[in-house]
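Residues per chain, in single letters:
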Amino acid sequence: VAEGEPSEGREPFELPRFWDALGQTFQVTSQEATKLSLAFSRPPLPSAENCRKLSEDVQNAILAVATVYYWLPKGQGTTLRKRVRDATTEVVEGMIQLTDTILNAPVESLSQEQLISTGGVWEACEQVSNLPRGEYNQAAVVSALAVCLGVVKDAVEEMEHALVEGQDPYGDIMEDEELGFRGNRDTYWSEADRQLLSSCMGLMKASKACLKKVLAAVKTHGKADSPEHIAQLDDLADIANEISPSVDELALSMYPPVNPLAVRLNAAKLASVLKKVLEIVKTSHVCPPSEEGWVQFLTGAVDHNMNKVKDFTQGQL
C-alpha cells in the first residue's frame with residue numbers, strides 16, 4: 001500500500017461507489033480489531049480453530065481495505081490519492097501493531113498497550129470520514145492548502161510576537177550555567193538586524209497572503225473535470241507544500257545571533273518558491289482575469305522585499 005501505485009482500471013471509475021466501499025471496509029476492519037482484542041482480553045485463550053477464524057477475518061478485512069484503495073486510479077489526482085493512501089496505510093499499520101501487542105502480552109489480563117493499540121485502529125478507521133469528498137481532487141487540494149496556510153499563519157504570528165520592540169526572543173529560556181547569563185549580546189537583535197528582519201517579515205506575510213489567495217481561487221474556480229485541470233491542481237498542491245518548510249527555515253535563521261548571509265540565502269529560497277507558486281497559479285485554470293490583480297501585486301511584493309534583503313546584506317558578500 002505504501003509504495004504500490006494503483007493502475008488505471010478498465011471499468012469506468014465511480015467516485016461515490018469508491019467512497020461507499022472504502023467506508024465499509026474501514027468499518028469492518030474496526031469491528032475485526034474489536035473482536036480480536038476482546039478474544040485475547042482474558043483467559044481462557046481462544047481455541048486453535050477460533051484463532052484461525054479470527055486471523056482469517058482480520059486478514060480478509062485488511063485485504064479488502066487495500067483492494068479498495070487500489071481502485072482509485074491515478075487520473076483522479078495525486079493529492080487525493082496520497083490522502084487515501086495515508087489513511088489506508090495507517091489502518092494497516094494499526095492492525096499490525098495490535099496483533100504484535102497481543103502476541104507479546106501476558107495472557108492474564110488486558111494490557112494498557114492492548115487497549116491503546118485497539119483504540120489506535122478505531123481512530124485510524126474513523127479517518128475515512130475526514131477524507132475530502134468534494135469534486136474529486138479539488139477538495140483534497142483545498143484541504144492540503146488549508147493545512148499549509150495554518151502552519152504559515154502560526155509561524156508569522158510567532159515571529160511577529162518575538163520581534164515586538166524590546167522583546168527578548170529567548171525570554172522563555174531560564175538562566176543556566178551552561179548557557180551563560182541573559183546579558184549575552186548574542187541573544188538580542190541589533191538595530192541593523194531589525195531592519196533586515198522587517199523585510200523578511202514582509203516575505204513571510206506575502207507567503208501567508210499567497211496561500212490565502214490561492215486557497216480562495218481553488219475553492220472558487222478549481223475544477224477536476226479533465227486530466228489537465230486535475231494535474232494543475234496537483235501542481236499547485238505540490239509547490240504550496242514547499243512554502244511552509246521555506247518559511248520555517250527563514251524564521252529559524254532570523255533568531256539572534258543573526259548571520260545576514262544565512263538570512264539572505266533562506267529569504268532567496270522562500271522568494272523563489274513564492275514566485276514559482278504565483279507562476280503556476282497564473283498559467284492555471286484557477287486564475288481567470290478576475291484573479292490576475294492579486295497575482296501581479298504579490299509578485300511585486302515578493303520582489304520588493306527580496307530586493308530590500310539584498311540591499312541590507314550587500315556589504316556582507
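Residues numbered from 1 in each chain as written. Predicted model: local features only at pLDDT ≥ 70, side-chain atom pairs only at ≥ 80, totals over all residues. Heavy atoms only, no water.

Quick reminder of the rule: UniProt positions are given in the numbering used here, feature names are shortened, and annotations may be inferred rather than shown by experiment.
Looking at an unreviewed UniProt entry, the protein chain carries the name CCDB1 protein, with the source organism given as Prunella fulvescens. A UniProt comment under Sequence similarities (unreviewed entry) is attached to the protein chain, and it reads "Belongs to the CCNDBP1 family."

1. A look at the overall build of the protein chain
Selection criterion: Strands are runs of DSSP state E lasting at least 2 residues, helices are runs of H or I lasting at least 4, and numbering of each runs from the N terminus. Each residue's exposure class comes from its accessible area (1.4 Å probe, protein chains only) as a fraction of the maximum for that residue type: buried when under 20%, exposed when over 50%, partly exposed otherwise. What makes two residues a contact is simply this: any of their non-hydrogen atoms within 4.5 Å. Calculation of accessible area relied on Shrake-Rupley with a 1.4 Å probe; when residues are assessed, cover is drawn exclusively from the protein chains displayed.
Of regular secondary structure, the protein chain possesses 10 helices and zero strands. For the protein chain, the succession of helices and strands along the chain, N to C, is α-α-α-α-α-α-α-α-α-α. Classification of the 317 residues of the protein chain by burial places 45% in the buried group. Contacts in the protein chain between residues far apart in sequence, at least 24 positions, make up 80% of those at least 6 positions apart. As displayed, the protein chain has an accessible area near 17,100 Å², and 53% of this comes from carbon and sulfur atoms.

2. A look at the side chain of Gln 138
Put simply, the test is: In protein, a polar contact means a hydrogen-donor-capable atom and an acceptor-capable atom, both N or O and within 3.5 Å, with residues adjacent in sequence counting only if both atoms are side-chain atoms; elsewhere, any N or O pair within 3.5 Å suffices.
With respect to the helices and strands, the residue Gln 138 is situated in helix H5 (residues 137-162). Look at Gln 138 and you get buried, because its relative accessible area is 11%. Within polar-contact distance, the side chain of Gln 138 engages the backbone oxygen of Val 218 at 2.9 Å. Setting aside its immediate chain neighbours within four residues, Gln 138 contacts Val 218, Lys 219, Gly 222, Ala 224 and Leu 233.

3. Details of the nonpolar core
Note the following rule: Residue types Ala, Val, Leu, Ile, Met, Phe, Trp, Tyr and Cys, when buried and joined through side-chain atoms within 4.5 Å, form a set referred to as a nonpolar core.
If you look at the biggest cluster of nonpolar residues, it comprises 54 residues, and the most contacted ones within it are Met 204, Val 214, Val 218, Ile 243, Met 254 and Val 281. Counting only elements with at least two residues in this core, the list comes to H5, helix H6 (191-221), helix H7 (227-240), helix H8 (243-253), helix H9 (260-282) and helix H10 (292-313). Of all the elements, H6 adds the most residues to this core, at 13 residues. If sequence neighbours within four positions are ignored, Val 214 has contacts with Leu 145, Leu 236, Val 277, Val 281 and Trp 294. Leu 15, Ala 33, Met 95 and Cys 125 belong to the second-largest nonpolar core, a separate cluster that totals 29 residues.

4. Digging into the packing of H5 against H8
Here is the rule: Fitted lines through C-alpha atoms give the axes, limited to the stretch in contact for helices. The angle between two N-to-C directions lies from 0 to 180 degrees. These descriptions rest on fixed angle ranges, namely under 35 degrees for roughly parallel, over 145 for roughly antiparallel, 65 to 115 for roughly perpendicular, and the rest for oblique. Handedness of each helix crossing follows the sense of rotation of the near helix against the far helix: counterclockwise by less than a right angle gives left-handed, clockwise gives right-handed.
At a minimum axis distance of 9 Å, the contact between H5 and H8 shows a crossing angle of 15°. Our classification of the angle between H5 and H8 gives roughly parallel. Between H5 and H8 the crossing geometry is left-handed. Side by side, H5 and H8 meet where Val 151, Val 152, Ala 155 and Met 159 of the first sit next to Ile 243, Ser 244, Val 247, Asp 248 and Ala 251 of the second.

5. Focus: the pattern of salt bridges
Any two side chains of opposite charge can pair, on the condition that their charged atoms come close. What counts here: One side-chain nitrogen of Lys or Arg within 4 Å of one carboxyl oxygen of Asp or Glu is enough to make a salt bridge.
Counted under the stated rule, the structure contains eight salt bridges. Linking Lys 35 and Glu 32 is a salt bridge whose minimum nitrogen-to-oxygen distance equals 3.3 Å. Of this pair, Lys 35 and Glu 32 both sit in helix H1 (residues 15-39), three residues apart, which is roughly one turn of that helix. Given the relative accessible area of 10%, Glu 32 is considered buried. Between Lys 35 and Asp 57 there is a salt bridge whose closest N-O contact spans 3.6 Å. Pair noted here: Lys 35 is in helix H1 and Asp 57 is in helix H2 (residues 48-69), with a separation of 22 residues, a long-range link. Under the relative-accessibility criterion, Lys 35 is labelled partly exposed at 40%.

6. Focus on the packing of aromatic side chains
Describing an aromatic ring pair means giving the distance of the ring centres and the angle of the ring planes. Basically, it comes down to this: Centres within 6.5 Å are what make two rings of Phe, Tyr or Trp a pair, Trp counting through its six-membered ring; a difference in plane orientation under 30 degrees is then read as stacked, over 60 as edge-to-face, and the rest as tilted. Geometrically, a lysine NZ or arginine CZ counts as sitting over a ring once it is within 6 Å of the ring centre and also within 35 degrees of the ring normal.
Under the criterion given, the structure shown has three aromatic pairs. The ring of Trp 71 carries the charged tip of Arg 17 above its face, separated from the ring centre by 5.0 Å.

7. Let's talk about the environment of Lys 269
With respect to the helices and strands, the residue Lys 269 is situated in helix H9. With relative accessibility at 41%, the residue Lys 269 sits in the partly exposed group. Spatially, the C-alpha atoms of Lys 269 and Leu 250 are 8.6 Å apart, while their sequence positions differ by 19 residues.

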